[in-house]
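# Observations on the model geometry
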Amino acid sequence: MFKLEKLSKSFTQDKSTLVAVSSVSATIQKGEKVGIIGLSGAGKSTLLKLLSMQERPDSGSLVIDDVDLLTLKGKDLLRMRKRLGFVFQGVHLISQKNVKDNIAFPFTLDKSTSKEIDSKVDHVLNLVGLSDKALAYPNTLSGGQKQRVGIARALITQPEVLLCDEPTSALDPLTTASILQCLDNVHAQTNVTLLVITHDMHVIKRLCDRVIVMHEGAFVEEGKVSEVFNSPQHPQTRLILSASEGR
Amino acid sequence: MNTLLLNALLDTLKMIGFGTLFAFILGLPLGTLLFLTQDQGLKPNKVVYHSLSTLINMIRSIPFIILIIALFPLTRLIVGRSFGVNASIVALVIGAFPFVARLIESSFNGVDPYLIKATQTMGATPTQIILKVVLVEALPSLIQNIALTMITLVGYSAMAGAVGGGGLGDVAIRYGLHRYQSDVMIMTIIILIALVQIIQLCFNTLTQAIDHR
């Protein structure tokens, strides 16, 4: 179980305070597929920085299996960090390392035998359908293949939660469909919890069971994807839907 | 003339080789420190960054020919005398390491900052980021910068030659200039041109062989 408990973050600049994330809470069960949707400025990026621990929240906690990540330090933190896998919008692979070494990278951050790593890399490459690319370098891969490598790298530590930040917004529609299919396959085979943060309702419709709408730093509406998108309650949800459908 | 030029060439190669080696031994940690402590760095520290940066700019603002002469007391202290190949190496290293530090800083800054952020998110420490990400990603550019340093040192070593430092520059000045032996002068120039071409060619080939971008 993954829990966000009353996470808040504000920034002060020139005596004015901007509340970027305002006391957001959510409980996500193991194996759920949850999307957080919001337009630019809704606070998604700050929320992501809090979840990836690049920024510390002013208050609140981030709980995986009853352990608050924000209270941990050093080795305990590194161990628990591995329970969260990140898929980044721009993938960001090490261009001078081949696919296998890129995927194994999170493992090289602490001691692990190389035999274990090899079989684990094979396993995750299989999951994303790139078994034949282990020795290829990133510059020989297409955008979609790179994103698959990114997904495999996030899966290598067998995380509880796969956190995807706009996983498809740099990709064309066809590649987007294949990446979403890939994430769906990964979920079906590993039952990893998916948490997708995006501005694109199509990604959520295609991938998620549950959606949370974010606006001005707060979670303003949440529920099953079908229900929220068929009968939106909050004005911001309606705005997002009508904008996406071009009405 | 052949023995003369051959010995001078060997001296020049020794100066460039050891000069580059020691300039990197000093410049690599210094450049890494600049990279780490800059404003957007992994360990921002204004005091450290600006002190190092000022020191580097100070040394770099002294014309090399003047730096060599100013360093005579220091070279005498380190190698026992202020002339000859070993004395030149000391001056070359001091003249080149601030330059190398800047090259390293700029090579490291060429690494995708989002890649660095991504690896931080995976829990990499600054040391791990430098060793496993930045050095790996910047390797082709670092190799190009070794070539750039060596070629700069070809020029610097000739200047050292002008004040009794040995090597091809020394020969060109003593025979070509003072004794009006134009043939020696021309041969030195040809050897220097060939040297620079060979260095660049070797390092370009090496970079192409290892670069996967």
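The sections below set out a description of the structure shown in this document. Computed from a predicted model, the values in this text were never measured in an experiment.

All right, on to the pattern of salt bridges then. All names here are of chain A. Tallied over the entire structure, the rule returns 15 salt bridges over all chains. A salt bridge links Lys9 to Asp58; the shortest N-O distance between them is 4.0 Å. Taken together, the positions of Lys9 in strand β1 (residues 2-13) and Asp58 in the loop between α1 (44-51) and β4 (59-64) put the pair 49 residues apart, joining distant regions of the chain. On the basis of relative accessible area, Asp58 is assigned to the partly exposed category, the value being 46%. Arg83 serves as the salt-bridge partner of Asp65, at 2.9 Å between the closest nitrogen and oxygen. A residue pair is termed long-range when its members are at least 10 positions apart, and Asp65 in the loop between β4 and β5 (67-68) and Arg83 in the loop between α2 (74-81) and β6 (84-87) qualify at 18 residues.

Moving on to helix α7 (residues 126-162) of chain B. Along an α-helix, residues three or four apart share an orientation, since each turn contains 3.6 residues. An ideal rise of 1.5 Å per residue puts 54 Å on 37 residues; α7(B) reaches only 45 Å between its terminal C-alpha atoms. At B:Leu139, α7(B) is deflected by roughly 60 degrees, the largest bend along its length, and proline B:Pro140 occurs up to four residues later in sequence.

The next subject is the interface of chain A and chain B. Between chain A and chain B, the contact holds 19 residues from the first and 21 residues from the second. In total, chain A and chain B occlude about 1900 Å² of area from one another, counting both sides; carbon and sulfur atoms represent 61% of this. Broken down residue by residue, the surface that chain A buries against chain B is led by A:His92, A:Gln96 and A:Leu109, which jointly contribute 33%. Where chain A meets chain B, there are zero salt bridges. At the junction of chain A and chain B, the tally comes to 14 residue pairs in polar contact (both at pLDDT 80 or more). Only α2 and α3 (99-108) of chain A provide two or more residues apiece to the side of chain A that touches chain B. With three residues, α3(A) is the largest single contributor of residues to the side of chain A that touches chain B. Grouping the constituent residues of the side of chain A that touches chain B by class yields nine nonpolar, seven polar and three charged.

The subject of this paragraph is the layout of surface pockets. Where empty space is left in the structure can be found by rolling a water-sized probe over the atoms. Estimated volume of the largest pocket: approximately 680 Å³. Surrounding the largest pocket, 28 residues form its lining, A:Leu78, A:Arg81, B:Gly123, B:Ala124 and B:Thr125 being those nearest its centre. Every element with two or more residues in the lining of the largest pocket is listed here: α2 of chain A together with α6 (113-121) and α7 of chain B. Tallying contributions element by element places α2(A) first for the lining of the largest pocket, with six residues. Of the residues assigned to the lining of the largest pocket, the class counts are eleven nonpolar, eight polar and nine charged.

Take helix α8 (residues 167-178) of chain B next. Residue and element names in this part refer to chain B. If you check α8, its first and last C-alpha atoms are 16 Å apart, about what twelve residues at 1.5 Å a residue would give, namely 16 Å. Three or more residues of α8 are buried, namely Gly167, Leu168, Gly169, Asp170, Val171, Ala172, Tyr175 and Gly176. Where α8 is buried, its residues contact α1 (2-37), α7 and α9 (182-210). Trailing α8 by a residue or two, Tyr180 shows a phi angle of about 55 degrees, which is positive.

The rules behind the values
Here the residue index of a chain counts from 1 through its sequence in written order. Think of it this way: whatever chain is written first is A, whatever ligand is written first is 1, and the rest follow in order. With the structure being a predicted model, the display of local features is reserved for residues of pLDDT at least 70 and the display and counting of side-chain atom pairs for 80 or more, all residues being used for whole-chain, interface and lining totals. For the side-chain quantities, the full set of heavy atoms in the structure was used; hydrogens and water were omitted. The term salt bridge refers to a pairing of a side-chain nitrogen on Lys or Arg with a carboxyl oxygen on Asp or Glu at a separation within 4 Å. For helices the rule is a DSSP run of H or I covering at least 4 residues; for strands it is a run of E covering at least 2, with both sets numbered from the N terminus onward. Each residue is placed in one exposure class: buried if its accessible area under a 1.4 Å probe, protein chains only, is under 20% of its type's maximum, exposed if it is over 50%, and partly exposed if it falls in between. Every helix has an expected span of 1.5 Å times one less than the residues it contains. Bend, in this description, refers to the angle at a residue between axes fitted to the seven residues ending there and the seven starting there. Two residues qualify as a contact provided that any one of their heavy atoms is within 4.5 Å of a heavy atom in the partner residue. Here's the idea: put two parts together, see how much 1.4 Å probe accessible area each one loses, and the total over both is what we call buried area. Think of a polar contact as two N or O atoms within 3.5 Å of one another; within protein, one of them needs to be a possible hydrogen donor and the other a possible acceptor, and neighboring residues in sequence only count if both atoms come from side chains. Think of it as three bins: nonpolar holds Ala, Val, Leu, Ile, Met, Phe, Trp, Tyr, Cys and Pro, charged holds Asp, Glu, Lys and Arg, and polar takes everything else, Gly as well. Grid spacing is 1 Å over the protein atoms alone, the probe is 1.4 Å, and a cavity is where that probe fits but cannot get out, while a pocket is an open set with protein on both sides within 12 Å along at least five of seven lines and lining residues have an atom within 4 Å of a point. Grid points are joined across faces, edges and corners, and a volume is the space filled by probe spheres set on the points.

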